[in-house]
Amino acid sequence: MTEHAFDASAAVRKYVEDLKGKGLSGAEQQQRLAILAEFCAFVGRSPDQMVAEIFDVETQKYKKRNFYSDRVREFSARISGTWSERTARGNVIRGFFIANGRRLPNEKPDWL
Amino acid sequence: MEFKQAVGNRRTIRYFKSWQPVEPDKIQAILEAARLQSQHGNAKLIRKAVVIERGKTPDDVRQALIDAMYNQPHAQQAPVFIVWAIDMSGWESLRGALTELIEVRALNSTHGWSREFIETAVIPNADFNVMAGDHVFAEWLSAFECGLAVGSALLAAVDAGLGTALVTGRRAQIRQILDMPEYVTPTQVQLVGYPAESPDAGGQRPSPPFEKLYFSGKWGVPLQSDPAVTADLKAAGMLQEPAPLRWRADEIRALAHLFGLPE
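Residues numbered from 1 in each chain as written. Chains lettered and ligands numbered in written order. Predicted model: local features only at pLDDT ≥ 70, side-chain atom pairs only at ≥ 80, totals over all residues. Heavy atoms only, no water.

Draft legend 1. Structural detail: the pattern of salt bridges. Residue and element names in this part refer to chain B. In the structure shown here, the tally under the stated rule is 19 salt bridges over all chains. Residues Glu197 and Arg248 are paired through a salt bridge, measuring 2.9 Å at the closest nitrogen-oxygen approach. With Glu197 in the loop between strand E4 (184–193) and helix H9 (210–213) and Arg248 in helix H11 (residues 248–259), the pair connects residues that are 51 residues apart, well separated along the chain. With a closest N to O distance of 3.0 Å, Arg253 and Glu263 form a salt bridge. Of this pair, Arg253 sits in helix H11 while Glu263 sits in the segment after H11, and the two are ten residues apart along the sequence. Given a relative accessible area of 31%, Arg253 falls into the partly exposed group. For Glu263, a relative accessible area of 33% puts it in the partly exposed group. (Salt bridge = Lys/Arg side-chain N within 4 Å of Asp/Glu carboxyl O. Helix = DSSP H or I, 4+ residues; strand = E, 2+ residues; numbered from the N terminus. Buried < 20%, exposed > 50% of the residue type's maximum accessible area, 1.4 Å probe, protein only.)

Right, dumping it as structure tokens:
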């Protein structure tokens, strides 16, 4: 996927609007978009494809939620670091889905 | 805590200190506040609750309930759930409850009450004995009455220095997990615990203007609020600084980091 196509994606635009609304700096936004682009490459799908296939609008039920939940976990585990650092990386993807109206299960810390 | 302050402090708390249990006396006070709330015909057996406590209730039951509440983060965190339910069989107590009110001199002949009046005028009247008429109305009234009790329970939690929230869930699943009979309907689940967010939770939530909600004399004619009373209520803590307080976004980021949640 080209950088232009990524930026032009409806799902990415929604995510960017969401990030702006939260008052994140330009650098923070770019950092998150880079992680999202990395995840798209990891699963071999465009942002719009991911949003389209996780949820069946007709039945109003999740379709590939477990698939994405597992991939996000694998994606998080690819970096070394603390639990918080790895979870924060996965949470960028969760945040992307949330901005597009879909929710993936969150990770729970051991103490919860 | 003063009543006005408790009303003003109430928020739906969405971040709880999962590690801090709630003292049993506080749970009891919350339930008592609900038990004593007004109820049509004093038929209080229609509103009941199951209390789930972290570390006391079997963990598989608690986890199943969290799942039934859509795994919402505040359900995962809250150490106590009060699952409020409507027991339609409780309406069978109506006759006895009314008779008891006569015996304790709450219902008096000054207002036309007698045992005979209960039998011949009240019990056959579907406006009063709701199970004698349209069951849709009976269910509606039951929900209303349960809601009254829950409203008190929310304020009692605030009064005890706790955070609280009402969440919905998959009712059929909740009924099954808790072995509720078919005539019992789980309503909302009240989460209770110590707030991990600041007790003002970023400020008082938006509410429609007073004049849009309340009318004078006829529907649609706005009842005007008095600015002097508004000032008094602000001073008493009932009307508070509206959300979002300026540090709220930073607080949410900190809480997200603490609980490992997406921002």
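Draft legend 2. The layout of surface pockets, seen in detail. Residue and element names in this part refer to chain B. One number sums up the size of the largest pocket: a volume of about 740 Å³. Along the wall of the largest pocket there are 23 residues; nearest its centre are Gln204, Ser207, Pro208, Phe210 and Leu239. Only helix H1 (3–9), H9 and helix H10 (227–235) provide two or more residues apiece to the lining of the largest pocket. In terms of residue class, the lining of the largest pocket is built from 13 nonpolar, six polar and four charged. (1 Å grid on protein atoms, 1.4 Å probe; cavity = no way out; pocket = protein on both sides within 12 Å on 5 of 7 lines; lining within 4 Å. Points joined across faces, edges and corners; volume = space filled by probe spheres on them. Nonpolar A, V, L, I, M, F, W, Y, C, P; charged D, E, K, R; others polar.)

Draft legend 3. Local environment of the environment of B:Ala126. Among the structural elements, B:Ala126 can be located in the loop between helix H6 (115–122) and helix H7 (135–159). Placed 35 residues apart in sequence, B:Ala126 and B:Trp91 show a C-alpha to C-alpha distance of 12 Å.

Draft legend 4. Region of interest: the packing of aromatic side chains. Per the counting criterion, the structure on display carries 17 aromatic pairs over all chains. Ring centres 5.6 Å apart and planes at 20° place the aromatic pair B:Phe137 and B:Trp140 in the stacked group. Here the residue B:Phe137 and the residue B:Trp140 both occupy positions in helix H7, the gap between them amounting to three residues, near one helical turn. Between B:Trp140 and B:Phe144, the ring centres sit 5.9 Å apart and the planes meet at 20°, which makes this aromatic pair stacked. A residue pair is termed a helical-turn pair when its members lie 3 or 4 positions apart in one helix, as B:Trp140 and B:Phe144 do in helix H7 at four residues. One aromatic cluster is present, built from ring pairs that chain together A:Tyr15, A:Phe67, A:Tyr68, A:Phe96 and A:Phe97. Over the ring of A:Phe75 we find A:Arg89; its NZ or CZ atom is 3.9 Å from the centre of that ring. (Phe/Tyr/Trp six-rings, centres within 6.5 Å; stacked < 30°, edge-to-face > 60°. Lys NZ or Arg CZ within 6 Å of the ring centre and 35° of its normal.)

Draft legend 5. Representation of the sheet that holds strand E1 (residues 47–53) of chain B in the model. All names here are of chain B. In space, the four strands of this open sheet follow the order E1-E2-E4-E3, with antiparallel pairing throughout. A strand with exactly one partner marks an edge of an open sheet, and here the two such strands are E1 and strand E3 (163–167). Geometrically, the sheet is characterised by an average inter-axis angle of 25° between neighbouring strands, direction not taken into account. Sheet analysis places strand E2 (residues 80–87) next to E4, joined by seven bridges and oriented antiparallel. Residue pairing for E4: Phe81 is matched across the bridge by Leu191. Contacts between H7 and the sheet are confined to E1, E2, E3 and E4, with E2 contributing the most and set at about 160° to the helix. (Pairing = 2+ DSSP bridges. Axes fitted to C-alpha atoms, helices over the stretch in contact; angles between N-to-C directions. Contact = heavy atoms within 4.5 Å.)

Draft legend 6. Region of the structure containing helix H5 (residues 65–77) of chain A. Residue and element names in this part refer to chain A. Here H5 contains 13 residues, and its C-alpha end-to-end distance of 18 Å stays within 8% of the 18 Å for a straight helix at 1.5 Å per residue. When H5 is considered as a whole, its buried residues turn out to be Tyr68, Ser69, Arg71, Val72, Phe75 and Ser76. Take H5 and look down its axis: the buried residues cluster within an arc of 165°, on one side only. In this structure, H5 carries Asn66 and Ala77 as exposed residues pointing more than 90 degrees from its buried face. Close packing links the buried residues of H5 with helix H3 (26–43), helix H4 (47–54) and helix H6 (83–99). (Expected span 1.5 Å × (residues − 1). Arc of directions from axis to C-beta.)

Draft legend 7. Layout of the interface of chain B and chain A. Each partner contributes to the interface: chain B provides 18 residues, whereas chain A provides 17 residues. When the buried area of chain B at its contact with chain A is split by residue, B:Gln76, B:Pro262 and B:Glu263 rank highest and sum to 35% of it. Where chain B meets chain A, there are two salt bridges. The partner of B:Glu263 in a salt bridge is A:Arg32, and the shortest N-O contact between them spans 3.2 Å. (Buried area = accessible area lost by both parts, 1.4 Å probe.)

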